[in-house]
Structure formats: C-alpha cells, structure tokens
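Coordinate inspection notes
If you want the building blocks of each chain, they are given just below.
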Amino acid sequence: MLVNPSGVQSTPCYSHPSHFTFSNRCKLFLSPSCPRFLSSKKSSKFCSVSLLLSRNGGGGNRFSVRALLEPEVSESIAAAADGAGGGDGGSGILQPVSVKIPFGDREILVETGHIGRQASGSVMATDGETIVYTSVCLSDVPSEPSDFFPLNVNYQERFSAAGRTSGGFYKREGRTKDHEVLICRLIDRPLRPTMPKGFYHETQLLSWVLSYDGLHSPDALAVTAAGLAVALSEVPNSKAIAGVRVGLLGDRFVVNPTTKEMEDSTLDLFLAGTDSAILMVEGYCDFLPEEKLLEAVQVGQDAVRAICTAVDALVKKCGKPKMLDAIKLPPPGLYRRVEKIAGDELHKVLQIRSKIPRRKAISLLEENVINILTEKGYISTEDNSGTAETIQDWLEEEDEDEEIVVDGEVDEGDVHIKPVSRKSTPLGGKRSDGRSPEGIRSITSRCGLLPRAHGSALFTRGETQSLVVVTLGDRQMAQKVDNLANVEEFKRFYLQYSFPPSCVGEVGRMGAPSRREIGHGTLAERALEPILPSEDEFPYTIRVESTITESNGSSSMASVCGGCLALQDAGVPLKCSIAGIAMGMVLDTKEFGGDGAPLILSDITGSEDASGDMDLKVAGTEDGITAFQMDIKVGGITLPVMKEALLQARDGRRRVLGEMLKCSPPPAKSLSKYAPLIHIMKVAPDKVNIIIGSGGKKVKSIIEETGVEAIDTQDDGIVKITAKDLSSLEKSKSIISNLTMVPTVGDIYRNCEIKSIAPYGVFVEIAPGREGLCHISELTSDWLAKAEDAFKVGDRVDVKLIEVNDKGQLRLSRRALLPVPETNSEDPSSEQLTGHQAKVITDSGKASDKSTPKKYVNVPKSDALAQEKLEQPKDKSSGTKISSSSKSSSAENTLLPRKKVFKRIKKSTSKAVTGVSGKDGE
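Residues numbered from 1 in each chain as written. Predicted model: local features only at pLDDT ≥ 70, side-chain atom pairs only at ≥ 80, totals over all residues. Heavy atoms only, no water.

**Side note on the overall build of the protein**
Where we set the bar: Starting at the N terminus, helices and strands are each numbered in turn, a helix being any DSSP run of H or I of at least four residues and a strand any DSSP run of E of at least two. Throughout this description, buried means an accessible area under 20% of the type-specific maximum (1.4 Å probe, protein chains only), exposed means over 50%, and partly exposed covers the range between. Pairs of residues are marked as contacts when any of their non-hydrogen atoms sit within 4.5 Å. The accessible surface values rely on the Shrake-Rupley method and a 1.4 Å probe; as for residues, cover is taken only from the protein chains in view.
Each helix and strand in the protein was counted, giving 16 helices and 36 strands. The buried share among the 922 residues of the protein stands at 49%. In the protein, 69% of the contacts between residues at least 6 apart in sequence involve partners at least 24 apart. Accessible surface, the protein: about 43700 Å² in total, of which carbon and sulfur atoms supply 51%.

**Looking at the pattern of salt bridges**
Rule in force here: Whenever Lys or Arg places a side-chain nitrogen within 4 Å of a carboxyl oxygen from Asp or Glu, that contact is recorded as a salt bridge.
Throughout the structure, instances matching the rule amount to 39 salt bridges. A salt bridge links aspartate 188 to arginine 192, with the shortest nitrogen-to-oxygen separation between them at 2.6 Å. Look at aspartate 188 and you get buried, because its relative accessible area is 16%. A salt bridge links aspartate 268 to arginine 526, with the nearest nitrogen and oxygen atoms 3.6 Å apart. One end of the pair, aspartate 268, is in strand E13 (residues 267–273); the other, arginine 526, is in helix H9 (residues 515–528), with 258 residues separating them in the sequence. We classify aspartate 268 as buried; its relative accessible area is 17%. The class of arginine 526 is partly exposed, set by a relative accessible area of 26%. Residues participating in the shared-partner salt-bridge network are Arg431, Asp433, Arg435, Arg441, Arg461, Asp603 and Glu608.

**Observations regarding helix H14 (residues 697–706)**
The line we're drawing: Here, the arc refers to the directions that run from the helix axis to the C-beta atoms.
Taken residue by residue, H14 has Val699, Ile702 and Thr706 as its buried positions. Along H14, the residues classed as buried sweep out an arc of 55° about the axis, all on the same side. Turned more than 90 degrees from where H14 packs its buried face, Lys697, Lys700, Glu704 and Glu705 sit exposed. Buried residues belonging to H14 abut helix H13 (688–692), strand E28 (710–713) and helix H15 (726–739). Just downstream of H14, glycine 707 is the residue with a positive phi angle, here 85°.

**Remarks on the sheet that holds strand E16 (residues 443–447)**
Which entries qualify depends on this criterion: Here a strand pair is declared whenever DSSP counts at least two bridges between the two strands. Throughout, an axis means a line fitted to C-alpha atoms (over the contacting stretch in the case of helices), and angles, computed between N-to-C directions, take values from 0 to 180 degrees.
The mixed open sheet is built from 5 strands, whose spatial order is E16-E17-E18-E22-E21. Pairing within the sheet leaves two strands with one partner each, and these edge strands are E16 and strand E21 (493–498). Shown here is a sheet whose adjacent strand axes are inclined to one another by a mean of 15°, direction ignored. In this sheet, strand E18 (residues 464–473) lies alongside strand E17 (residues 455–461) in antiparallel orientation, the contact comprising 7 bridges. What sits directly across from arginine 461, in E18, is threonine 464.

**Topic: the packing of helix H2 (residues 178–191) against helix H3 (residues 218–232)**
Angle between the axes and distance between the axes are the two parameters that describe a pair of packed helices. Selection criterion: Here the word oblique covers every angle except those under 35 degrees (roughly parallel), over 145 (roughly antiparallel) and from 65 to 115 (roughly perpendicular). Take the far helix as your reference; a near helix turned counterclockwise from it by less than a right angle gives a left-handed crossing, and one turned clockwise gives a right-handed crossing. Here the term charged refers only to Asp, Glu, Lys and Arg, the term nonpolar to Ala, Val, Leu, Ile, Met, Phe, Trp, Tyr, Cys and Pro, and the term polar to all other amino acids, Gly among them.
Viewed as axis vectors pointing N to C, H2 and H3 meet at an angle of 40°, and their least axial separation amounts to 9 Å. By the angle between their directions, the pair H2 and H3 is classed as oblique. Judged by the twist between their axes, the crossing of H2 over H3 is right-handed. Note on element contacts: H3 touches H2 through Asp219, Ala222, Val223, Ala226 and Val230, opposite Ile183, Leu186, Ile187 and Leu191. Considered class by class, the residues forming the contact of H2 with H3 number 8 nonpolar, no polar and 1 charged.

**Things to note about the packing of aromatic side chains**
Stated formally: Between 30 and 60 degrees the pair is tilted, below 30 it is stacked and above 60 it is edge-to-face, where a pair is any two Phe, Tyr or Trp rings, Trp via its six-membered ring, whose centres lie within 6.5 Å. Charge-over-ring contacts are defined here by two conditions on Lys NZ or Arg CZ: a distance within 6 Å of the ring centre and an angle within 35 degrees of the ring normal.
Across all of its chains, the model carries 5 aromatic pairs by this definition. Here tyrosine 760 and phenylalanine 763 contribute two aromatic rings whose centre-to-centre distance is 6.4 Å and whose plane-to-plane angle is 85°, an arrangement assigned as edge-to-face. A relative accessible area of 41% places tyrosine 760 in the partly exposed class. Among the residues examined, phenylalanine 763 registers a relative accessible area of 25% and is labelled partly exposed. Of note, arginine 452 hangs over the ring of tyrosine 674, and the distance from its end group to the ring centre comes to 3.8 Å.

**Looking at H9**
So the rule is basically this: Between the first and last residue of a helix there are one fewer steps than residues, each counted as 1.5 Å, and that sum is the expected span.
For H9, built from 14 residues, the straight-helix expectation of 20 Å at 1.5 Å per residue is met to within 8% by its first-to-last C-alpha distance of 20 Å. Burial analysis of H9 places 11 of its 14 residues in the buried class, the great majority of the element. Turning to H9, its buried residues number three or more, namely Glu517, Ile518, Gly519, His520, Gly521, Thr522, Leu523, Ala524, Glu525, Ala527 and Leu528.

**Details of the side chain of serine 211**
Note the cut-off: Polar contact is the term for a pair of N or O atoms within 3.5 Å; when the atoms are in protein, one must be able to donate a hydrogen and the other to accept it, and sequence-neighboring residues count only if both atoms are side-chain atoms.
Mapped onto the fold, serine 211 is located in strand E10 (residues 203–211). Reaching out from serine 211, the side chain makes a polar contact with the backbone oxygen of glutamate 129 at a distance of 2.6 Å. In this structure serine 211 touches Glu129, Thr130, Ile131 and Ala161, once residues within four positions along its chain are discounted.

**Quick look at the environment of lysine 792**
Residue position: lysine 792 is located in the loop between strand E32 (770–775) and strand E33 (796–804). Its relative accessible area of 53% is what places lysine 792 among the exposed residues. It is 9.0 Å that separates the C-alpha atoms of lysine 792 and valine 762, two residues lying 30 residues apart in sequence. Look past the residues within four positions of lysine 792 in its chain and what remains in contact with it is Ile754 and Ile757.

**Describing the nonpolar core**
We apply this condition: To form a nonpolar core, buried Ala, Val, Leu, Ile, Met, Phe, Trp, Tyr and Cys residues must be joined to one another through side-chain atoms within 4.5 Å. The domain boundaries here were taken from an automatic or database domain assignment.
Among the nonpolar cores identified, the biggest contains 141 residues, and Ile187, Leu269 and Ile542 are the most heavily contacted of them. Counting residues per element, this core draws most heavily on helix H5 (residues 290–318), which supplies 12 residues. Each of domain 1 (97–325) and domain 3 (443–661) gives at least three residues to this core. Discounting residues that sit within four places of it in the chain, leucine 269 has contacts with Val244, Arg245, Val246, Val281, Glu282, Gly283, Leu293, Ala296, Val297 and Phe628. Counting residues in hydrophobic clusters, the runner-up holds 18 residues, among them Cys774, Leu784, Phe791 and Val797.

**Quick look at the confidence of the model for the protein**
Going by this rule: Every residue gets a pLDDT, meaning the predictor's confidence in that residue, from 0 to 100.
For the protein, the mean per-residue pLDDT works out to 77, and 72% of the residues sit at or above 70. Counting interchain partners and residues more than four positions distant, the pLDDT-below-50 stretch residues 1–91 has 195 contacts. Scored below 50 in pLDDT, residues 379–427 shows 95 contacts in the model against residues more than four places distant or in partner chains.

**As for the sheet that holds E10**
Pairing between sheet strands relies on hydrogen bonds along the backbone, with the strands arranged either parallel or antiparallel. The 6 strands lie next to each other as E5-E6-E7-E8-E10-E9, forming an open sheet whose pairing is mixed. Every other strand in the sheet has two partners, leaving strand E5 (97–103) and strand E9 (151–157) as the edge strands with one partner each. Sheet twist, expressed as the mean angle between neighbouring strand axes with direction ignored, is 20°. Examined bridge by bridge, strand E8 (residues 130–138) and E10 share 8 bridges and lie antiparallel to one another.

**Comments concerning unusual backbone geometry**
Across the junction of serine 664 and proline 665, the peptide omega takes the value -5°, indicating a cis bond. Looking at where proline 665 falls in the secondary structure, it is placed in the loop between helix H12 (639–660) and strand E27 (677–682). At asparagine 256, a position not held by glycine, the phi torsion is positive, near 50°. Asparagine 256 sits in the buried class, given a relative accessible area of 4%.

Here you go:
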C-alpha cells in the first residue's frame, strides 16, 4: 500500500491510479478511473502517463501493481461499495432466474440467483438428472501483471453425486483425479482466448458435479456451465463460450450423445467455441479421414452457436456489468520506444537457430533495454487524450496487433512487447530456423537402447527428444480407474508422460505430474490406443513411459512417434504405424510482409507455439486420424482455416512416417527374453473355485509350487498364467488342467501317488493337484483294519474312478482292479466271498431253500465262517435276511469292517429286514 501526497493512508482499490513496475528500476503509473461497483469518472491528480525512475536496488525484474488513492475519492468509493454489496431490497443480489437452453437434440435447465449469490457469477446446469454447479469469483485487487491470465479452474466429481462414498480411510474426496484434471483443461483452454489482455484480477472458477445419472456425461455440461457463469459475472470476457461432444453412430453425427450411445460411437470429439468461431477441439477416433472430421466439427459448431445465442439472451436479462475499466495496458508510446531501442537487434536474434544460444541472446537484449530505460527514462509528451481511449478501442487494437513472445519461454516479470507500427520486413518465406512453412525438422530414431527393458526407443526431431520405454505385465499391472458410475474399470494400456526441467536446460521442482503432463500423456495414449491388438490377441497389460529429454516444441507428438516404435520393439503386434505432428498458425501476415492470409506452419518449435495463434496436434496413419487437439490463442478460427491446417498436417504426417521407417537399429518386433510369459486357458466356469480353493489357498499353493508370478482367474472361466520361464508355466498349466478336468466314472489311473492317509482310507493323487479318496474297503480284497498296515505315504497304486459326488469329489477303488481270487468248489464252507459274489449257506453246508435263507455280504471266509457266522433262527418257518442297512443295492459290493455287528431281526418270511450297526453308529 502506498501513501498519497497528502500523507493520508488510502484503502487499496484496483479502480484508481495503478503503479506498474516493469523491474526494480522502472515504474509505470497509469490513471484511468475504474471503480468496480461504480461507474465513477472523477478525475485524478495522476491523469497523465509517465515512466518514473526507481533508484532502489533489490530483486529481479518484477512487474508489481499497487493502488494510489486520493483522500477525497476514498469516501465516494466507500459509499459506492456500501451501495453495491447490500443484501436487502435486491441491491447487489440477483433475483432467481431459471431458463431452458438448447443442448444438442435436447434442452438443459439453467438456474442462477438460487445458490452461490455472493459469487460474481454462479450457475446450476441440469441435464437429465446430472447436475453441475459452477461459480466464478475474482479478487478485488489486481495481481502483478504477467503474460499469463491469472485464471484457476477446479473441477470435482463428488462421489455423493452417484450415491457413493469415497473409499479408503478418509471418507472424503482427495486429490484431483486424472480425468478431473483433463476436464479442468477442457474448461480452461477455451476461456483464456476470450479474456482481454491487461486484466490482472485473479479469477477462480469452481465446478462440482452434484448429481450424476450415469447417462448424461457431466464434462460438456461443465464447460457450458463455466461459460455461462463467466458470461454472467463481472469478468470482462469478450464472448460467451459453450462446449459440446459429437459422436458418430454409423453415418449419423450425434450432439451430446449419452454414455450408452458413446459405447458404439467411432468418434469422440469435444468442441468449444463462441457463436462465430472455434476455440478448442479435442477428440479421438478410429482412423477417421480429415473430410469426415471436418463434418463433425461443423455439426459441433452449429450446436455451440445455438447455445451461445441463448446464453447471450440470458446475460442481457440478468448479467452483471463488466469490469472494463479494470483493464490496464502500457501506453503505445512505450511500445514505440522499446521498438526503437531493440527492434533491429531483436530481428537478428530471432534468426539464431539453436534454442539455448537464442535464449541467452534475448536475455542480454532484454537487460540492455531495461538499462537504457532506467538511465534515460521515458517521459510522455502526449496530452491526456493519448491515454483516454475507450476500452473498445483497446480491444480492437488487440485484435489487430500481435504479441511477440520470445522463444516460447515465459519468465516472470517480463513484459513482452507489442508493436504499434512496425515496418514490414519480408523474410523470404523462411522461419526463424530457416525452414519453409511446410518444412519438417530432421528426424532420427533408434530402438533397443535399453537392454533390460521390454521395449525402448529414442525419437529425436530437431531439438525435441523423447525416450520411450514399454513394460509388459499381467492384469495385476493394470491401472484401476475410479469413476462415478461405480463400475470397476481397469486400463490395460496407459501412457505416462513426464517433462523434467532439465529438458529445457532449467532448474525446477520435481514432484507429482502437472496438469500439462497429464494432458499430454492422455493425448499420446489415446492416439496409440486404436492400433493396439485386442486382449484376446495379446493378453498383456502395456505400460508406456515417455520421458522428454529435450524439448523445443511438439513433445507430445514426439511421444506418439517414439511410443509407436517402442511398442514394436517390445513385440506388440500393432495394426499399423502412426505418427504425430504439431501445426501452428500466424493469423495476420501483413506485419511480416505477407498478403494478410493465415499462414499454416508444420512441425512448430517452442517459440512458434508461444508466439503463434494456434496449436494443432494431429496423430494418425497416412490416411486416417486417431487423435487431435487444437487450441486457439485469438478470437477463434473458421472451418476453412482448420481444413487447410488438417490437410497440411496429413502431408507432414506422411513424411514423418517415412522417416520412422529409417529407424536404426529397427524395432525387434518380438518379445524380449526378459518379458513375462502369459498363457491363457479356458476352463469350465464352475471349476474356477477349485483353482482358487478355500480362501485362495489352492491358487497360492500352485504359485509357490511352480514358481509362476501370478495366476489370474475370471468368472467366465478364463485363466491367465504369468511366468518368467517356460518350465514353470508348463508345470502350472498341467496342474490347473488336471484340477479342472471333468473325470468320467470308469476311468483308470495308473501309478498314482498316495498323498495322505486317514483312518477311513487314503487320498490318491490321480493328476497333479487333483486327489480322490480310496476308502479302506476299496484298498484290498481282504479285510483291512488300518490303511497304514498295508500302505504308506508315497506308495504308488493303480485306481479306478467309481463315483463322482455332487461336490465334485472323487471316489476311487484299488480293489476293483485286482484279479478275482480262485474259490474251492468242493468245500462250500471254505468258499471266498468276493465283492461281486455273495454265498448263501446253511448249517449243513448246503444251500438253503428260499424259505430260510442266510446271506453273508462281502465277508471274507475267515471272518464269515470263523467269527461271525450267523445262527439258525429258532423258528425255522420264518427266515431272516441280513443285508446292509444303508444301500441295499450296493451293500454286496462293500467290505464290512471287522468290528461290525450284525443284528438279527425276526420278521415274517415274506419281508426280510436287516439292521447293521458299528461303533460309529452307522
């Protein structure tokens, strides 16, 4: 805060004479009267424009802003502020307004004045049951002037919008997710070109998704709501903006399609603009030709025009007055002064082709200009009328003049000079590095430079270089995506882009990826995605890392070219090769000796990107586009200009593809020996649980036993085995095959190992990982007290599958494969009763008649005759039949244990009932 000449301390107000500091030695005073809440035209003592000298030493070249206020003015300002900020009687508070505006083939509801009434502008936009709330606020005091408008955009999708709660320990939203960052960029990029230069009040735009129906996407709604909120606020934007999405269903373009319609769309185009021009285009498609893309842009522009027309009508009804008086620009005389000091030398410096020497030369020239202005000063000899031009005059001059940003580097405190009357200097159709407008910088590429990586490539185009590395893995390496739809989503392909400060020869902070890095990485990722094979053809998860090692423009497109080569080097069977190129534009060429028509530049450098009026990135094949992104830095471009840029980009793309074919060494196009092996097998879906086991014990034991890295199962029966070597892969494959095989009763398994012994039998492994029970009664033809008496763990036996129960458990028999022993036909008392025979005898040793039968069921001779021979019933007229109590039909095929006790029950001879009991109560 400064003190006025009378010594009275004043309250800061951006609407009064402002003090602009170009550096620690050069201060500029401007004095237009521009109260924010009041159109006051009272004159000030500082009505003339002058450049005063500051003898103070200190910091670097800073451009600071402070307010000077006279005592007699402060009272009127205070009164104006009191009158504007009230909450009663409708003073300063808008009345609620609700209108419907077109939004493609439907309408959306726009409400303002209902909530967020203390914000400069607030809007609630509703599409179906998706609701987005957006507010705009700006600081009362302007920030230090810079070349970058102080706009901050934040977009957040509340989990409560879909009836959910954030996961994790803290049940609230955390840091901004990647897709939220991308939507922040979609909002920010079309708004900036509409902001006037010289407006330095920090502006914050906040957007929340409060309700989501899963059908209507919130991103296009958020961009339109942001344009509405800014248009209704005091921010002096030039025109209202709106955003729409365009899909392609068959041959029909659809504006703002639903999420279900987008599943079948071959185009995802997002367009934002005003009622007369295109400001931003971004989209992804499956090899769409340029002509079809231009048709989609035209459809989107028509929809945006209809929205903006409705927005303008709403602004006339309830919009707030714009802060036009807050726009502060250096006087034209200062431009002319700097042009006279450094114009010719600047022209020479810009012809230096190498980036680092050019940047150093510009820094020296800048310091020289400041020294001259500091030593000699600059006093305006013009009268007050020279600075009393209307704001409209300033805006018109800004449209006509072009800002020169040196080398694409924006250093804090620099004031980039805008010439007012420059002599035309024809350059012979050459750019600063000597290329023609269609020229492409020299390209070199090499693959396989990192021996342990699964795939690698180094792509160099001029002074831009990208080191790309590909890593292959299983599904566990996939990137989980959290979304409002509450649908578990995993990305099997993702590209991560990093832009370290060393790539431009600077020192900077390293940390989480910036919004720019996330945006560039997504653009390159979506460009490469259409050429990837399906998961059935190539079951790997693919991670691509692009590290920019040098940068002088088009680093995202270098990531596309390097990524394509690295994928081929990793052995990924791509459908085709793609390349990317960045295009620029100079809208008005008269100043540079041209005919005034827009000039399209191919393969732009950093300085051409920063100084130009357009940045268009296009990736694709020779004839089709897979990804595109366009940002406009002026009021917008027309469709014919965009068509010219797209066609010139296609020619440049073809040339880049030709250079990529010269890669040396070329891509390996085969899997690295260090890449994991993945085998896919299909099992019955009901067998998946057998592989997993109780609590995952079975699958863990297979991994430990075989040494594979992972086994991934899906509900549909797909099993993926990931291993480092072929032997472990084959071993686990064999185990899973045997576990999930469908055995058939009657199958015989030879030389099977006994894995464990239980009191009731032994468990035999008929195949790796697949065991069955051989009951003690099925081990031998003779009676056996304990299985341990005849067998031990590790013994090998032949078994036959005799039963598969409802749970899939296997019942085996060794006895069924043993030879039938010979019997003595002369002595019935010594006859051996096998599992397939039952001998009926009487006390006399002869077969009894049907009236009084006695039957021994599967009892060996020694037991049947010596120990458990049944007595004759006292009543011989009534016979008794003895059989198994559990299964009458199969009892004869089961050996009875030694300690079984038979109970004889007397019944009539016509009905024989048998009961058998043992120690276990069976």
